[in-house]
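# Observations on the model geometry
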Amino acid sequence: MTERVTLQESYSYCLRLARRHYENFPVASLAMPRRLRPHVAAVYAFARHADDLADEGTASPDQRLEDLAQWRMRLEQACQGRGSGHVFTALADTIRSFDIPVQLFHDLLDAFTQDAVTEEYETFGQVLEYCRRSANPVGRIVLALNGILSERTAHLSDSLCTGLQLANFWQDVSVDRLKPRIYIPKDDLARFGVASADVLAGRDSTGLRACIAFQVDRTRRYFLDAQPLFRLLPWRLGVEIRAVWHGGYRILEKIKKQEYTTVSHRPTLGYGDYTSMVYHALLKDSHHA
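Residues numbered from 1 in each chain as written. Predicted model: local features only at pLDDT ≥ 70, side-chain atom pairs only at ≥ 80, totals over all residues. Heavy atoms only, no water.

### Let's talk about unusual backbone geometry
The following threshold applies: The secondary structure listing takes helices from DSSP runs of H or I that are at least 4 residues long and strands from runs of E that are at least 2 residues long, numbered from the N terminus.
Residue Pro180 follows Lys179 across a cis peptide bond; omega there is -10°. Inspection of the secondary structure assignment puts Pro180 in the loop between helix H9 (173-176) and helix H10 (186-191). A positive phi is found at Asp99, a non-glycine position, where the angle reads about 50°. Relative to the elements of secondary structure, Asp99 occurs in the loop between helix H4 (86-98) and helix H5 (103-117).

### Considering the nonpolar core
The following threshold applies: We call a set of buried Ala, Val, Leu, Ile, Met, Phe, Trp, Tyr and Cys residues a nonpolar core when their side-chain atoms join them within 4.5 Å. Remark: exposure states derive from per-residue accessible area (1.4 Å probe, protein chains only) relative to the maximum for the residue type, with buried under 20%, exposed over 50%, and partly exposed in between.
With 42 residues, the main nonpolar core has Trp170 and Ile184 as its most contacted residues. Looking at this core, the elements with two or more residues in it are helix H6 (124-134), helix H7 (136-145), helix H8 (151-171), helix H12 (206-226) and helix H13 (235-257). The dominant element in this core, judged by the number of residues it contributes, is H12, at 8 residues. Counting residues in each nonpolar core, the second largest holds 39 residues, with Leu15, Met32, Trp71 and Ile95 among its members.

### A closer look at the pattern of salt bridges
What counts, and what does not: When a carboxyl oxygen of Asp or Glu is within 4 Å of a side-chain nitrogen of Lys or Arg, the pair counts as a salt bridge.
Scanning the model with the defined rule gives 20 salt bridges in all. We note a salt bridge from Arg181 to Asp55, for which the minimum N-O separation is 2.8 Å. Of this pair, Arg181 sits in the loop between H9 and H10 while Asp55 is found in helix H2 (residues 37-55), placing the two residues 126 residues apart along the sequence. With relative accessibility at 21%, the residue Asp55 sits in the partly exposed group. Here the salt bridges share partners, and the residues they tie into one network are Asp55, Asp115, Asp176, Lys179 and Arg181.

### Topic: H8
What counts is decided by this rule: To estimate the expected span of a helix, count its residues, drop one, and scale the result by 1.5 Å.
With 21 residues, H8 should cover 30 Å at 1.5 Å per step; its first-to-last C-alpha distance of 30 Å lies within 8% of that length. Judged by how many residues are buried, H8 sits mostly within the fold: 17 of 21 residues are covered.

### Re the packing of H5 against H6
Filter applied, for reference: Each axis is a line fitted through C-alpha atoms, taken for helices only over the stretch in contact, and angles between the N-to-C directions span 0 to 180 degrees. Any angle between 65 and 115 degrees counts as roughly perpendicular, while under 35 counts as roughly parallel, over 145 as roughly antiparallel, and the rest as oblique. Throughout, a residue-residue contact means that at least one pair of heavy atoms, one from each residue, lies within 4.5 Å. Amino acid classes used here: Ala, Val, Leu, Ile, Met, Phe, Trp, Tyr, Cys and Pro are nonpolar; Asp, Glu, Lys and Arg are charged; the rest, including Gly, are polar.
Where H5 contacts H6, the two axes come as close as 7 Å, and the packing angle between them is 130°. In terms of orientation, H5 and H6 fall into the oblique class. Of the residues in H6, those in contact with Asp107, Leu108, Asp110, Ala111, Gln114 and Asp115 of H5 are Tyr130, Arg132, Arg133 and Ser134. Looking at the contact of H5 with H6 residue by residue, the class counts come to 3 nonpolar, 2 polar and 5 charged.

In structure tokens:
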């Protein structure tokens, strides 16, 4: 039987977990109002653990699916007031306090379940559907925590989160191929004369570079479509989201600068990039990378 814990202990645990990990997603950062940091940390702890169940260690796909099913069952129990353990005690309180749609958490678990069994995607549409489950719920949860989740803000947030997820895919080709996983759609690879085996082997080629360039070019549209969101956000959240926007857009520029060779080299942001992100984030009406 899982030990019952206090709410304060649960939030403290989630905050410690969030601070031990770095992610592109801002976890309880200084730009975020202090009152929201424990709640963001609770969401992060839920997602971090589910992601580890899907991707870390040496468990078989069947075991990963079973573990994720157990995690989903605990989510359902928590929403019924029967949650236990640090993560679900905190998460259940956060969901109730901010009236967050529980389906968003099920969507995240659907994405993690997909990660456990899917190594390739046939079409860009399938990749976008994955983004709908894996990235877009995070943005909607953040909006709900700030009391501004609406049809309009959700649509714009989806554009940003999809853009961020796609940028991460094209940035991480060299990392994902070792899992092994390929997010570049197979039909696009074929169009540029590249086989999945070439990507998995880390073979750079003119065709693969052209294919990644094509992915980067169409990903920019999602960032541009998301820009009207900035004007709908409270100032502190706006600073946070603009910084994230510029960070993701800069990743696309880094990929271009290294001539789309991400099958062999992962581009990263440096001190100058972070300085620029902060500078642009503080310019309320900044619309350019």
